[in-house]
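# Notes for the structure review
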Amino acid sequence: MIMHIDMDAFFASIEQQINPCLKGKPVIVGSRDKKYRTVVAAASYEAKAYGITSGMPSHEAFKICPHAEFVACDCARYTYVSHGIFNLLEEFSPFVDHATIDEFDLDIRGLEPIFGPPLELGKTIKKRIREAFGLGCSIGIAPTWILAKLGTKIRKPDGLVLINEANSDALFHGLPVEKICGIGPALTACLAGMGILTCDQLKTAPEDILVANFGQTVGHWLYQALRTDENLTYRKGKTDTTELPKSIGHSYTLPAEIYDQNIVFSWLRMLSEMVAQRARKNNCLGKTISLWINSRNESFIRQKTSSIPTNDGWEIFMRSKAIFGQKKGIFRPARALGVTLSSLVFDETPPLLFEQKRREALLMAQDKINAKYGDWTISPAVLARILPK
Ligand SMILES: [Mg+2]
């Protein structure tokens, strides 16, 4: 059995917990400190009641609910709380997985003699999290990870749902298919075209029809998604740190439209540095660089693979700048941009050339200093233009 724990309105609830004046009020956590020029990173349940959702531009959110309270995102704080919850969960099972900053997976097989039946354990965990952090969460328990995650969405907030063969039909009845993790708007639309709108309809759809419509991989996946046999279970135990990520990327929505190309390059330099640091943390290098830049009515996205993999921020920056150089036409004021490093390989070969050795030692020293004294303690000089003083 897998237990999936999803914190309720995590960022907003933490802010309400820290500042009691915000309790019971619609709260919008912005991804940046500009109230009207940001994106909603999280909304409290009081704000959600107005129809505010994360990802929405904040000026739209304030149109719907002008009296909402605004708080700028404090990622360090949320990460800190998230680690605290992780540590608490480790008291229950040695197999805890950090799915996202506010979601956790627990392999709960074999815990019954110690903590009682799964629902009992769920109650205990909810109580402990509430006592220690003042936060609510929703818990799904099921034989497979997909079902456990679905379980958290059935009675949110403060839900606790166990899905098994006996009750699954009743729970799936009338539940929209897009609640299933992995079914997005496109798949939902296709399924709707086949008359499949709800989970109970999907569960009774014949496999051959799903495969005929969606191909072997997706069709079979759809057929399996709601089944309770354990063959879809993954994410057992701690994240394997020897596993290579697929890609490492960072993006940023600029505080305003930027007309100065050099400032855009400064942001690009910063994102390249962030990507590089994460690649080094994961002990990997990447060959492919993807760059995207959004302007008011144009978006540019392109990637390039070179034979030499890198995790050096300067190199990633130079390669993305070269990609940008292929862009035709005049420079348009940029609104958002992102850099991604992919085709990742493990960093195994020690540096051969003297210059390489020096460069690597420099980056290692930089990472060490920044880890000790805080991000950007040592950073490329061009970032002085954009980093707060
Ligand atoms: Mg959540």
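Note that the coordinates shown come from a computational prediction; the quantities given were computed from them, not determined experimentally.

## Digging into the sheet that holds strand β2 (residues 27-30)
With mixed pairing, 3 strands are arranged side by side in an open sheet as β3-β2-β4. Each end of this open sheet is capped by a strand with a single partner; those strands are β3 (40-43) and β4 (69-72). Ignoring strand direction, the axes of neighbouring strands in this sheet form an average angle of 30°. As paired strands, β2 and β3 are joined by 3 bridges and run antiparallel to one another. For I28, the partnering residue across the bridge sits in β3 and is A43.

## Brief notes about the sheet that holds strand β10 (residues 284-295)
One open sheet accounts for 4 strands, arranged β9-β12-β10-β11; its pairing is antiparallel. What marks the edges here is a single partner per strand, and that holds for β9 (247-258) and β11 (298-310). Recorded for the sheet is a direction-independent mean angle of 15° between the axes of neighbouring strands. Bridge count between β10 and strand β12 (residues 334-346): 11 bridges; the pairing is antiparallel. Note on β12: the bridge partner recorded for L291 is V339. Of the strands in this sheet, β9, β10 and β12 are in contact with helix α12 (residues 261-281), which crosses β9 at around 155°.

## Quick look at the coordination of the magnesium ion
Six octahedral donors at a metal ideally form angles of 90 or 180 degrees, and four tetrahedral donors ideally form angles of 109.5 degrees. Ligation of the magnesium ion by protein atoms is provided by D6 (OD), M7 (O) and D102 (OD), these donors lying 2.1 to 2.4 Å from the ion. All donors to the magnesium ion come from one chain, and their sequence spacing reads D-M-x94-D. Take D6 and M7: they sit in the same class, and that class is buried.

## Notes on the nonpolar core
Side chains of a nonpolar character, in soluble globular proteins, are inclined to be buried together. Among the nonpolar cores identified, the biggest contains 33 residues, and M3, I5, M7, F10, I85 and I125 are the most heavily contacted of them. A domain split of this core shows at least three residues from each of domain 1 (8-77) and domain 2 (83-232). Dropping the residues within four chain positions of it, I125 is found in contact with M3, I5, L89, F92, L106 and I139. Core analysis: the next-biggest nonpolar cluster, separate from the first, contains 29 residues, V275, L291, F300 and F317 among them.

## A few points about the domain arrangement of the protein chain
Domain annotation of the protein chain identifies domain 1 (8-77), domain 2 (83-232) and domain 3 (247-385). When each unit is reduced to the centre of its C-alpha atoms, the spacing between domain 1 and domain 3 is 30 Å.

## Points about the packing of helix α9 (residues 185-193) against helix α11 (residues 207-225)
Contact geometry of α9 with α11 gives a least axis separation of 13 Å together with a crossing angle of 135°. The orientation of α9 relative to α11 falls into the category oblique. With respect to the hand of their crossing, α9 and α11 are arranged in left-handed fashion. Together, L187, C190 and L191 of α9 and L210, F214, V218 and L222 of α11 make up the contact between the two elements. For the contact of α9 with α11, a count of residues per class yields 7 nonpolar, no polar and no charged.

## Quick word on the confidence of the model for the protein chain
In this model, the protein chain carries a mean pLDDT of 90, and residues with pLDDT of at least 70 account for 96%. Between residues 232-241, whose pLDDT stays under 50, and residues either more than four places distant or in other chains, the model counts 27 contacts.

## Structural notes on α9
When α9 is considered as a whole, its buried residues turn out to be L187, T188 and L191. Down the axis of α9, the buried side of the element spans an arc of 100°, and every buried residue falls inside it. With respect to the buried face of α9, the exposed residues turned more than 90 degrees away are P185, A186, A189 and G193. At its buried positions, α9 is contacted by α10 (199-204) and α11. In the segment just after α9, G195 is the residue with positive phi, at about 85°.

## Things to note about the layout of surface pockets
Taken as a whole, the largest pocket spans an internal volume of roughly 2,500 Å³. Looking at the lining of the largest pocket, the elements that each hand over two or more residues are α4 (75-89), β5 (96-100), β9, α12 and α14 (354-373). The leading source of residues in the lining of the largest pocket is α12, at 8 residues. Partitioning the lining of the largest pocket into residue classes produces 23 nonpolar, 12 polar and 12 charged. The calculated volume of the second largest pocket comes to roughly 630 Å³. Lining of the second largest pocket is provided by 23 residues; of these, L285, P309, N311, Q356 and E360 occupy positions nearest its centre.

## Some remarks on the packing of aromatic side chains
Scanning the model with the defined rule gives 10 aromatic pairs in all. Residues F10 and F11 carry aromatic rings whose centres are separated by 6.0 Å and whose planes lie at 50° to one another, so their mutual orientation is tilted. The class for F10 is buried, based on a relative accessible area of 3%. What makes F11 buried here is its relative accessible area of 16%. With 6.4 Å between their ring centres and 80° between their planes, F300 and F324 make a pair best called edge-to-face. Remark: F324 occurs in helix α13 (residues 313-325) and F300 occurs in strand β11; sequence separation between them is 24 residues. Look at F324 and you get buried, because its relative accessible area is 9%. The residue whose ring lies beneath R227 is Y223, and the NZ or CZ to ring-centre distance is 3.9 Å. The cationic tip of K321 hangs over the ring face of F265; the distance from NZ or CZ to the ring centre is 5.2 Å.

Thresholds, definitions, all that
- Residues numbered from 1 in each chain as written.
- Predicted model: local features only at pLDDT ≥ 70, side-chain atom pairs only at ≥ 80, totals over all residues.
- Heavy atoms only, no water.
- Pairing = 2+ DSSP bridges.
- Helix = DSSP H or I, 4+ residues; strand = E, 2+ residues; numbered from the N terminus.
- Axes fitted to C-alpha atoms, helices over the stretch in contact; angles between N-to-C directions.
- Contact = heavy atoms within 4.5 Å.
- Donors = N, O, S within 2.8 Å, 3.2 Å for Na, K, Ca; no water.
- Buried < 20%, exposed > 50% of the residue type's maximum accessible area, 1.4 Å probe, protein only.
- Core = buried A, V, L, I, M, F, W, Y, C linked by side-chain atoms within 4.5 Å.
- Domains from an automatic or database assignment.
- Parallel < 35°, antiparallel > 145°, perpendicular 65-115°, else oblique.
- Left-handed = near helix turned anticlockwise from the far one by under 90°.
- Nonpolar A, V, L, I, M, F, W, Y, C, P; charged D, E, K, R; others polar.
- pLDDT = per-residue confidence, 0-100.
- Arc of directions from axis to C-beta.
- 1 Å grid on protein atoms, 1.4 Å probe; cavity = no way out; pocket = protein on both sides within 12 Å on 5 of 7 lines; lining within 4 Å.
- Points joined across faces, edges and corners; volume = space filled by probe spheres on them.
- Phe/Tyr/Trp six-rings, centres within 6.5 Å; stacked < 30°, edge-to-face > 60°.
- Lys NZ or Arg CZ within 6 Å of the ring centre and 35° of its normal.

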